Amino acid sequence: MFRSIKEKLTIAFGSEQEKRQARRGRVKRHVKRAGLHLYQDHMLWSSQPYYVKAKGRVKGVQGIPDPRCFVLQSCLRSISEVQGDVAECGVRQGRSTLFMLTADLGKRHYHLFDSFEGLSKPSEEDRDGKGNVHWAAGDLGTDEAVARKNLSGFDHITFHVGWIPDTLPAVADKKFAFVHIDVDLYEPTRDALAFFYERTVKGGMIVCDDYGSAKCPGARKAFDEFFSGRKETIIELPTGQALVSKR
Ligand SMILES: C[S@@+](CC[C@H](N)C(=O)[O-])C[C@H]1O[C@@H](n2cnc3c(N)ncnc32)[C@H](O)[C@@H]1O
């Protein structure tokens, strides 16, 4: 009770810093009570200059959450010496793409694959343990012009507009250092992975955005099936992403 009155007074009359701290304390308690976890403000990742720069560029751009975008940035920076292009399957408005382009230390070409008509049709493999499918064909559709506008100013990108896997042969002769697969469903994840794995160089990385999402069981299945019996192992992150380093 006493804490609550003190907190209210601080929020009403405190300095800006005290107000911020008090608000954060209140949110933290609510989040904890709900059994959730609030990212800690003493973590350094969100003050990395390349992350801050990207945040300034993505205002109003819809897409995947910031911590996942930071993981992409960090992975890319860790392989700056690895030669090869970047592929992204699932661009939507270009949010993750902007984060990657802003952080990349290498001079790489970016190949961006999207139907811009949203998701393809889910298959039986996209049913979860309770028999539910969380997506429908056309979900997450976006105007191609919006993505192009958000990514204007970068001259080392190529859009491959259309359905995966039909659009993949256009890059059959390329080698890749980094591949981001974010298409939510079993079939396009399976097809993209099979295609790009062969073309990812040793030391390169493949990231699946959807591996840990209960809404995307098909994406997890595609990765688990593909890497079963292969020498690479899947590293699962609390962000829901999965990382694979090509050996
Ligand atoms: C989750 S969104 C991608 C999000 C994006 N990476 C971001 O940063 O917000 C999934 C995207 O995959 C695209 N997509 C899904 N299935 C596809 C397929 N079979 N072929 C081409 N694009 C597909 C959708 O159009 C959608 O833009």
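Procedures and definitions
Residues numbered from 1 in each chain as written. Predicted model: local features only at pLDDT ≥ 70, side-chain atom pairs only at ≥ 80, totals over all residues. Helix = DSSP H or I, 4+ residues; strand = E, 2+ residues; numbered from the N terminus. Contact = placed C-beta atoms within 7 Å. Buried ≥ 20, exposed ≤ 12 C-beta atoms within 10 Å, placed from the backbone. Pairing = 2+ DSSP bridges. Near = placed C-beta within 6 Å. Nonpolar A, V, L, I, M, F, W, Y, C, P; charged D, E, K, R; others polar. Domains from an automatic or database assignment. Axes fitted to C-alpha atoms, helices over the stretch in contact; angles between N-to-C directions. Left-handed = near helix turned anticlockwise from the far one by under 90°. Expected span 1.5 Å × (residues − 1). Core = buried A, V, L, I, M, F, W, Y, C linked by C-beta atoms within 7 Å.

Asker: Can you walk me through the overall build of the protein chain in this structure?
Answerer: What the protein chain contains, in helices and strands, is eight helices and seven strands. Along the longest, intermediate and shortest principal axes, the C-alpha atoms of the protein chain span 65 × 45 × 40 Å. Restricting to contacts in the protein chain with at least 6 residues of sequence separation, those with at least 24 account for 72%.

Asker: How do you make sense of the pairing of strand β1 (residues 85–89) when you look at a structure like this?
Answerer: Regular strands place side chains that alternate from one sheet face to the opposite one. The element β1 is extensively covered by neighbouring structure, given that five of its five residues are classed as buried. Every second residue of β1 is oriented toward a common face, with Asp85, Ala87 and Cys89 on one face and Val86 and Glu88 on the other, all of them buried. Examined bridge by bridge, β1 and strand β4 (residues 176–181) share five bridges and lie parallel to one another. Opposite Cys89, over in β4, you have Ile181 as the bridge partner. Pairing geometry for β1 and strand β2 (residues 110–114), over four bridges, is parallel. When the bridges of β2 are listed, Val86 appears paired with Tyr110.

Asker: Would you take a moment to explain the site of the ligand for this structure?
Answerer: In the neighbourhood of the ligand, 23 residues make up the surrounding shell, with Gly63, Gly90, Ser96, Ser120 and Pro188 lying closest. Listed by contribution, the elements that provide at least two residues to the shell around the ligand are α5 (95–103) and β2. Per-class residue counts for the shell around the ligand are 10 nonpolar, eight polar and five charged.

Asker: Can you walk me through the domain arrangement of the protein chain in this structure?
Answerer: Segmentation of the protein chain into domains returns domain 1 (2–33) and domain 2 (61–245). Each of domain 1 and domain 2 has a C-alpha centre, and these two points are 40 Å apart.

Asker: Is there a simple way to think about the sheet that holds β2 in this case?
Answerer: By way of backbone hydrogen bonds, the strands of a sheet pair with one another, either parallel or antiparallel. Within the open sheet, the seven strands sit side by side as β3-β2-β1-β4-β5-β7-β6. Their pairing is mixed. Each edge of the sheet is formed by a strand with only one pairing partner; in this case those strands are β3 (157–161) and β6 (235–236).

Asker: How do you make sense of the packing of helix α4 (residues 66–78) against α5 when you look at a structure like this?
Answerer: For any two helices packed against each other, the geometry is given by the interaxial angle and the distance between the axes. α5 packs onto α4 with a crossing angle of 35 degrees between their chain directions and a minimal axis gap of 9 Å. Crossing handedness for the pair α4 and α5: right-handed. Between α4 and α5, the contacting residues are Cys69, Leu72, Gln73, Leu76 and Arg77 on the first element and Arg95, Ser96, Phe99, Met100 and Ala103 on the second. Grouping the amino acids of the contact of α4 with α5 by side-chain chemistry returns six nonpolar, two polar and two charged.

Asker: How do you make sense of α4 when you look at a structure like this?
Answerer: Think of an α-helix as 3.6 residues a turn; residues three or four steps apart then line up on the same face. Its 13 residues place the ends of α4 18 Å apart at the C-alpha level, agreeing with the 18 Å of an ideal helix rising 1.5 Å per residue. Those residues of α4 that fall on the buried side of the exposure criterion are Arg68, Cys69, Phe70, Val71, Leu72, Gln73 and Leu76. Those residues of α4 hidden inside the fold are in contact with α3 (49–57), α5, β4 and β5 (200–208).

Asker: I'm lost on the packing of helix α7 (residues 186–199) against helix α8 (residues 217–227) in this one. Help?
Answerer: Viewed as axis vectors pointing N to C, α7 and α8 meet at an angle of 35 degrees, and their least axial separation amounts to 7 Å. α7 and α8 meet at a crossing whose hand is right-handed. Touching Tyr186, Thr189, Arg190, Leu193 and Ala194 of α7 are Gly218, Ala219, Lys221, Ala222, Phe223 and Phe226, all from α8. Among the residues forming the contact of α7 with α8, the class breakdown is seven nonpolar, two polar and two charged.

Asker: I'm lost on the environment of Leu140 in this one. Help?
Answerer: Relative to the helices and strands, Leu140 is located in the loop between β2 and α6 (144–150). Using a count of 19 C-beta atoms within 10 Å as the deciding quantity, one classes Leu140 as partly exposed. Between the C-alpha atoms of Leu140 and Phe159, which are 19 residues apart in sequence, the distance is 18 Å.

Asker: Teacher, can you tell me more about the nonpolar core here?
Answerer: Soluble globular proteins tend to pack their nonpolar side chains together in the buried interior. The biggest cluster of nonpolar side chains holds 50 residues, and the ones touching the most others in it are Phe178, Ile181, Ala192, Phe196 and Ala219. In contact with Ile181, other than residues within four places in its own chain, are Cys89, Gly90, Thr189, Ala192, Leu193, Ile206, Cys208 and Asp209.

Asker: Would you explain unusual backbone geometry in this entry?
Answerer: Of all residues except glycine, most have a negative phi; of all peptide bonds, most are trans. Between Ile164 and Pro165 the backbone carries a cis peptide bond, its omega angle lying at 20 degrees. Of note, Pro165 is situated in the loop between β3 and β4. Residues other than glycine seldom take positive phi values, yet Phe116 does so here, at roughly 55 degrees. Mapped onto the elements, Phe116 comes out in the loop between β2 and α6. The backbone phi angle of Leu140 is positive, close to 65 degrees, even though this residue is not glycine.

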